[in-house]
Amino acid sequence: MEYEQIEIPAEGEQVTVVDGELSVPDNPIIPVIYGDGTGKDVTPAAIEVLSAAAEATGREVHWMRLYAGESARERYGENLPEETIDTLREFRVGMKGPLTTPVGSGFRSLNVALRKTLDLYANVRPTFYLDGVPSPIREPRKMDMVCFREATEDVYAGIEWEAGTPEVEQVRSFVEDEMGFEHTIHDGEVGIGLKPITEFGTKRLVRRAIDYALEHDRTYVTLVHKGNIMKYTEGAFRDWGYEVAEEEYGDEVITEDTLWEERDGKPPAGTVVVNDRIADAMLQWLILRPEDYDILALPNLNGDYISDAAGAQVGGLGIAPGSNIGDGRILAEPVHGSSPKHAGKDKVNPTAMILSGHILFDYLGWSDAGDLIIDALEDTIGDGIVTYDLERQMDGATKVATSEFAAEVAERIKSIA
């Protein structure tokens, strides 16, 4: 395939899939979308740190610039060029900064479009504490969990109709007259949306969450839902999740009921325990007993709220990483938005973007490089060298720019290695 406007690095090799397994060279070509707003600040900073970690472990990343959002409108005259999608599809792995999503009118989310077009069905958000980061809770180190949020259906299906349109009245009439829900919707204008949750979408997400738990020696996978109210959507999510656990994994996976009935609440080594919690109750368990939870598997909207709440406990969205994973594909990205008012000021915290790269490296099997990144971040923050968002919460800290923070972390990677 030819890319007229995308410059492919002259050196470097593609990540491929061989016999169902990812094949990663030591000199991979990794596409990167800088993003909108502060993406222009945090993405180059992350690239500097990630490149240093790769080099320190005998590897070299060849970054390939792609375009979406504002940069794509300037270059292509559209928000999400086919060239960008085709390149991500072919090269399989990538990283992106935040892209702006307007509220109300305007184009729909480019982040959602990328996830759905590339079938990146698992939005994976690890939440763990970095030593030295200010936290609003007493024991932030107890938080160490990974949210697997379904990324293609539920509210991300995008099925909704605007108030006052003929289409919404048609749907309303069908719901009331044909389906028998009279006197359920209030009189007057109404917006209506649907939240499909499928067996297919649920099972592949839960399967990935369980596989991750087995591969990373985690004990609990918790299905988080609102099935007590939405019995046929989120209740079905719970039931289908248990079906995966009970029918596909044999002795490797047991349910919480079995754990207490047969093992007195003590899981055997190497076994994953699947349980479930109501979504609103899960928000309190995040605070009261975070140490009891390892992996959460959630429908889309629950996953958005709960992963953000978890991130707040370890320092906020400025350090909250994320990634979008499909079968043999990953697009790593931070949880935070583009914050246009801070764009180009070289002041925001790049840690979330750096840690998103850490997830990417873990996916590639570069755990040694990932460990260097964590050590260097903790070393830098522990010495009080931080961006403005953390400096204002710390006594005696030194405030540095985005680029200066990245340079400091990169230098410490070199010294640690």
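The structure this text deals with has already been given above.
A few points on the structure. Along each chain, residues carry numbers from 1 onward, in the same order as the chain's sequence is written. In view of the model being predicted, local features appear only for residues whose pLDDT reaches at least 70, and side-chain atom pairs are presented and counted only at 80 or more, with totals across whole chains, interfaces and linings using the full set of residues. Water and hydrogen atoms were dropped before computing side-chain values, which therefore reflect all heavy atoms in the structure.

What follows is about the pairing of strand β7 (residues 144-150). Classification of residues uses two cut-offs on accessible area relative to the type maximum, computed with a 1.4 Å probe and protein chains only: under 20% is buried, over 50% is exposed, and between them is partly exposed. Starting at the N terminus, helices and strands are each numbered in turn, a helix being any DSSP run of H or I of at least four residues and a strand any DSSP run of E of at least two. For β7, a buried count of 6 out of 7 residues is recorded, marking the element as mostly surrounded by other parts of the structure. As paired elements, strand β6 (residues 122-128) and β7 share 7 bridges and run antiparallel to each other. Bridge pairing in β7 links valine 124 to phenylalanine 148. Whether two strands pair comes down to DSSP finding at least two bridges between them. Bridging between β7 and strand β13 (residues 295-298) involves 4 bridges; their strand directions are parallel. The residue of β13 that forms the bridge with arginine 149 is leucine 298.

Turning our eyes to something else, we now look at the sheet that holds strand β11 (residues 253-255). Taken together, the 11 strands give an open sheet; going across it, the order is β4-β3-β5-β15-β14-β6-β7-β13-β10-β12-β11, and neighbouring strands pair in mixed fashion. Taken across any chain shown, the strands that pair with only one partner, and hence form the sheet edges, are β4 (62-66) and β11. Averaged over all pairs of adjacent strands, the angle between strand axes in this sheet comes to 25°, irrespective of strand direction. Note that strand β3 (residues 29-33) and strand β5 (residues 93-96) share 2 bridges and pair parallel. Within β5, the position partnered with valine 32 by the bridge is methionine 95. We call two residues in contact whenever any of their non-hydrogen atoms come within 4.5 Å of each other. Comment: axis = line fitted to C-alpha atoms, over the contacting stretch for helices; angle = value between 0 and 180 degrees taken between N-to-C directions. Contacts from helix α6 (residues 199-215) reach β6, β7, β10 (220-225), β11, β12 (272-278), β13 and β14 (321-326), with the element oriented near 160° to β7.

Moving on, we come to the packing of aromatic side chains. Note on ring pairs: Phe, Tyr and Trp rings are taken, using the six-membered ring of Trp, and paired if centres are within 6.5 Å. Classes follow the plane angle, with under 30 degrees stacked, over 60 edge-to-face and the rest tilted. Summed over all chains, the structure comprises 3 aromatic pairs. With 6.3 Å between their ring centres and 50° between their planes, tyrosine 67 and tyrosine 76 make a pair best called tilted. Here the two residues tyrosine 67 and tyrosine 76 agree in accessibility, since each one is buried. Each ring, one from phenylalanine 148 and one from tyrosine 212, has its centre 5.4 Å from the other, and the planes form 65°; the classification is edge-to-face. Linking phenylalanine 148 in strand β7 with tyrosine 212 in helix α6, this pair joins segments that are 64 residues apart in sequence. Two conditions define a charge sitting above a ring: the NZ of Lys or the CZ of Arg must be within 6 Å of the ring centre, and it must be within 35 degrees of the ring normal. The ring of tyrosine 34 carries the charged tip of arginine 65 above its face, separated from the ring centre by 3.8 Å. Seen from the ring of tyrosine 388, lysine 347 lies directly overhead, with NZ or CZ sitting 4.4 Å from the centre.

As a further point, take unusual backbone geometry. Notably, aspartate 119 is not glycine yet its phi reads approximately 55°, a positive angle. Using a relative accessible area of 33% as the deciding quantity, one classes aspartate 119 as partly exposed. Within the chain, histidine 183 stands out as a residue other than glycine whose phi angle is a positive 60°. Mapping histidine 183 onto the fold places it in the loop between α5 (166-178) and β9 (192-194). Accessibility expressed as a relative area gives 79% for histidine 183, which makes it exposed.

Here we take up empty space enclosed by the protein. Only protein atoms enter the 1 Å grid used here. Points where a 1.4 Å probe fits but cannot escape make up a cavity, open sets with protein on both sides within 12 Å along at least five of seven lines make up a pocket, and a residue lines them when an atom lies within 4 Å of a point. Grid points are joined across faces, edges and corners, and a volume is the space filled by probe spheres set on the points. By the definition in use, this model includes 3 cavities of 30 Å³ or more. For the largest cavity, the full set of lining residues is Leu88, Arg92, Val93, Gly94, Leu118, Leu120, Arg329, Ile330 and Leu331. Looking at the lining of the largest cavity, the elements that each hand over two or more residues are β5 and β15 (329-334). No other element matches β15, which puts 3 residues into the lining of the largest cavity. Looking at the lining of the largest cavity residue by residue, the class counts come to 6 nonpolar, 1 polar and 2 charged. Just so you know the grouping, Ala, Val, Leu, Ile, Met, Phe, Trp, Tyr, Cys and Pro go in nonpolar, Asp, Glu, Lys and Arg go in charged, and all remaining residues, Gly too, go in polar.

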